[in-house]
Amino acid sequence: MRSSVPYTYRRRDGTYYARFVLPQTLLTRFGETRRDIRFSLKTRNPATARCAVMRHAARFHQMVDRLKNATYTVYISMHKDVMEYVKSDKNQPSRKNTMALIAPLNRRHAQPQLSPVLPGQDLIKFHCDPAPRSKKQRKAPQIKTFDCPQAAQSPRNAFEIQVPQGPSIIINHNGDREAEWTDFLRATEHLGLNSPQTGSGTGGSGPGTSTGLSVREVVNEFIQSKITAEDWKDQNTQAHEVSRIEHMLSLLDVDRPFNQLTRADARALKKQLPALKDRRHGSTNSKPIAIQTAQKHFILFKAICRYAYIEEHHTIDIASGIDFKVPRKTANKRLDFTQSDVDKLLNGYHYRCTPLPRRRTLFDFHFWIPLIGLYSGARLNEICQLRICDIEQVQGIWCFAFRDEDSRQSIKNRSSIRHTPIHSFLLQLGFIDFLQSRQQEASASDQLFTGLNWDPKNRWGKKMSDWFNGNGKMVSYLDQCALHSRANKAFHSTRHTVVQNLRNQGVDEPHIAALVGHEVQSTTSRYGSGIGLAALQTVVNRINYGLNLSHLSFTAFCAYRDARGKPAQ
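The model shown is predicted, which means the values in this text are computed figures rather than measured ones.

### Remarks on the overall build of the protein chain
Piece 1. In terms of regular secondary structure, the protein chain is built from 21 helices and 12 strands.
Piece 2. Here the protein chain holds 569 residues, and 45% of them are scored as buried.
Piece 3. For the protein chain, the share of sequence-separated contacts (at least 6 apart) that also reach a separation of at least 24 residues comes to 64%.
Piece 4. Total accessible area computed for the protein chain in this model is approximately 29700 Å², and 49% of it derives from carbon and sulfur atoms.

Here it is in structure tokens:
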């Protein structure tokens, strides 16, 4: 059965199983044929499965990276060892895993000859006895050199490597994989061996070499791959992500071969990002970027490193397992409008037709858009970009059709493409009469609301946002309404308000998600064609703020609009 949890699938009884796929390069290198590593997570709970499989996934990628950079070209049983290491929840590696990294064996032969992959010389060759069978034999690995057939028993916590014409080298086995591997590499250097080389992929280089694509070239490939895959379909998103990458690259040498970057470079970048200057405040301002912004920069860097690893521009994923954790952001969380706030919003000067001190230009969107937001939960740009033809009657139900069919329309995600029934209160206020008047004035492809302008960066919503939220140059409508706790409240708060209003009435999450265009993370959500319009109409009409709104009249607003805010006394 399919599963929404990554790296997993489900059996018929609902139990989650982990599934990892070994890269083809490793299968070829070690002569293996089994690609899949599968084992039970022993749970039917998706949250528990997600937590468990993430731990296993980290260990899987760590082991694969080690194998790709292994010193030897032959191995015990890669599939079995990777399985054992990935399944283990212990922080310390098992004895077998450590042996696999330090002195790989090949069980297909009784006494295989193991040679380090060396550039131009073969100073030392290891022979290893067949794997011990009894528990007593497994307590100490038996290692002997090519020139010395006498077996050397090493203590349980160390490995002894006997060197021809020289003293033995002891490598401590204290459970620290990094330290142990470092000791082994130091031992090879002590013997006069050069740094081990690894096989190269299409990138044509391993770490430490000077060939291969530069950081700039790999980044350009990554950006192009995102555009081709339409991950950054929206032009604003593309420009924003590219700008973020360029800002981050100011901390790196872009002409350096990407395959020379190390995990130390990734950790150094992680430390430097919080001090990166915020470009929005000018070159002379020393204010750094927000810690959440720094985290987003590092997530992009990790994506680039993962791409380079997959495309074999680097032999390892240098950023794998390096997390950039920040405290949960609570201070700037968007708040919903209280009942008192909604009452003030719907009793503003243009709803009460209050005479203004000076004339001003008003449009129909001043009347309708706040109401549509409060009685549909739609996003600001979704409402502002509506065309006349986007108001449809489907199955006898009047609906807003939120979509991206026009070149100047955009949606946040695929779940945002939806039909939202129009609330009965909006119909009572004369929304269909307003629609019909617009149909007589303009063609069906024209914008529903006049007075709004489109630009590539801010789309259709900027003018409405400036009036409602403010832009630092004018007093916003929210400020004029004198809301309680004005901070962290904006037009987007209407979505929070609708969601909270429906939750308080006991409406279930799938119906709320279908209404506001959120994705439902469940297996059953992929079945069928979604929630029907009749059911959604019932949900929409349950939005009720318990207020007396009898003063609202679109006819009265039209007269107020034509008088430019100064109706005749």
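### Focus on the packing of helix H7 (residues 215-228) against helix H8 (residues 235-249)
Piece 1. At a closest axis distance of 12 Å, the pairing of H7 and H8 adopts a crossing angle of 165°. Classified by the interaxial angle, the pair formed by H7 and H8 is roughly antiparallel. Seen along the crossing, H7 lies across H8 with a hand that is right-handed. Within the contact between the two elements, H7 uses Val215, Arg216, Val219, Phe222, Ile223 and Ile227 and H8 uses Gln238, Val242, Ile245, Glu246 and Leu249.

### Quick notes on a negative patch on the surface
Piece 1. Together, Glu217, Glu221, Asp253, Asp255 and Glu311 make up a region of like negative charge exposed at the surface.
Piece 2. Tracing the backbone through its elements, the reader meets Asp253 in the loop between H8 and helix H9 (263-272).

### Looking at the environment of Leu427
Piece 1. Relative to the helices and strands, Leu427 resides in helix H14 (residues 424-428).
Piece 2. C-alpha separation for the pair Leu427 and Trp398, spaced 29 residues apart in sequence, amounts to 8.9 Å.
Piece 3. Contact partners of Leu427, with chain neighbours within four places excluded, come to Trp398, Ile422 and Ile432.

### Some points on the sheet that holds strand S10 (residues 391-394)
Piece 1. If you walk across this open sheet you meet the three strands as S10-S11-S12, and the pairing is antiparallel. Of all strands in the sheet, those bounded by a partner on one side alone are S10 and strand S12 (418-421). Each neighbouring strand pair of the sheet contributes to a mean axis angle of 45°, computed without reference to strand direction.

### Focus: helix H15 (residues 431-441)
Piece 1. Within the sequence span of H15, burial applies to Phe431, Ile432, Phe434, Leu435 and Arg438. End-on view of H15: buried residues confined to an arc of 155°, all on one side of the axis. Exposed side chains of H15 directed beyond 90 degrees from the buried face belong to Asp433 and Gln440.
Piece 2. Considering only its buried residues, H15 is in contact with helix H12 (364-374), S10, strand S11 (397-402), H14 and helix H21 (554-562).

### Thoughts on H8
Piece 1. For H8, with 15 residues, the first-to-last C-alpha span of 21 Å sits near the 21 Å given by 1.5 Å per residue.
Piece 2. Buried within H8 are the following residues: Asn236, Gln238, Glu241, Arg244, Ile245, His247, Met248 and Leu249.

### So, the pairing of strand S3 (residues 36-40)
Piece 1. Alternating residues of S3 divide into Ile37 and Phe39, all buried, and Asp36, Arg38 and Ser40, none buried.
Piece 2. Sheet topology places strand S2 (residues 16-21) next to S3; five bridges connect them, and they run antiparallel. Within S3, the position partnered with Val21 by the bridge is Asp36.

### Comments concerning the packing of aromatic side chains
To describe a pair of aromatic rings, you give the distance between the ring centres and the angle between the ring planes.
Piece 1. Evaluated as defined, the whole model comprises 28 aromatic pairs.
Piece 2. With a centroid separation of 4.9 Å and an interplanar angle of 20°, the aromatic rings of Phe20 and Phe60 are classed as stacked. Within this pair, whereas Phe20 is found in strand S2, its partner Phe60 is found in helix H2 (residues 46-68), the two being separated by 40 residues in sequence.
Piece 3. Since its relative accessible area comes to 4%, Phe60 is described here as buried.
Piece 4. A centroid spacing of 4.9 Å and a plane angle of 85° characterise the contact between Phe367 and Trp368, whose relative ring orientation is edge-to-face.
Piece 5. You can call Trp368 buried: its relative accessible area is 0%.
Piece 6. Site record: aromatic cluster; members linked through ring pairs are Tyr351, Phe367, Trp368, Phe400, Phe402, Phe431, Phe434, Phe449, Phe554 and Phe557.
Piece 7. The ring of Tyr17 has Arg11 sitting right over it, with the charged end atom 4.2 Å from the ring centre.

### What to know about the sheet that holds strand S1 (residues 8-10)
Piece 1. Reading across from one edge, S1-S2-S3 is the order of the three strands in this open sheet, with antiparallel pairing throughout. Edge positions in the sheet fall to S1 and S3, since each has one partner strand and no second. Between one strand and the next, the sheet's axes are offset by a mean angle of 30°, whatever the strand orientation.

### Quick word on the packing of helix H19 (residues 509-516) against helix H20 (residues 533-540)
Pairs of packed helices are described in terms of their axes, by the angle between the two and the distance that separates them.
Piece 1. Two elements in contact, H19 and H20, have axes separated by 10 Å at closest approach and are oriented at 95°. Considered as vectors, H19 and H20 are oriented roughly perpendicular to each other. Seen from H19, the contacting residues are His511, Ala514 and Leu515; seen from H20, they are Ala535, Leu536, Val539 and Val540.
Piece 2. In terms of residue class, the contact of H19 with H20 is made up of six nonpolar, one polar and no charged.

### Let's talk about the side chain of Thr15
Piece 1. The topology assignment puts Thr15 in the loop between S1 and S2.
Piece 2. We classify Thr15 as buried; its relative accessible area is 11%.
Piece 3. Beyond its immediate stretch of four places on either side in the chain, Thr15 contacts Tyr9, Arg10, Ser40, Lys42, Thr43 and Arg44.

What counts as what
- Residues numbered from 1 in each chain as written.
- Predicted model: local features only at pLDDT ≥ 70, side-chain atom pairs only at ≥ 80, totals over all residues.
- Heavy atoms only, no water.
- Helix = DSSP H or I, 4+ residues; strand = E, 2+ residues; numbered from the N terminus.
- Buried < 20%, exposed > 50% of the residue type's maximum accessible area, 1.4 Å probe, protein only.
- Contact = heavy atoms within 4.5 Å.
- Areas by Shrake-Rupley, 256 points an atom, 1.4 Å probe, with all protein chains shown as cover.
- Axes fitted to C-alpha atoms, helices over the stretch in contact; angles between N-to-C directions.
- Parallel < 35°, antiparallel > 145°, perpendicular 65-115°, else oblique.
- Left-handed = near helix turned anticlockwise from the far one by under 90°.
- Patch = residues over 30% accessible without salt bridge, like charges linked within 9 Å, V, L, I, M, F, W, Y side chains within 5 Å.
- Salt bridge = Lys/Arg side-chain N within 4 Å of Asp/Glu carboxyl O.
- Lys, Arg positive; Asp, Glu negative; His and termini not counted.
- Charge placed at Lys NZ, Arg CZ, Asp CG, Glu CD.
- Pairing = 2+ DSSP bridges.
- Arc of directions from axis to C-beta.
- Expected span 1.5 Å × (residues − 1).
- Phe/Tyr/Trp six-rings, centres within 6.5 Å; stacked < 30°, edge-to-face > 60°.
- Lys NZ or Arg CZ within 6 Å of the ring centre and 35° of its normal.
- Nonpolar A, V, L, I, M, F, W, Y, C, P; charged D, E, K, R; others polar.

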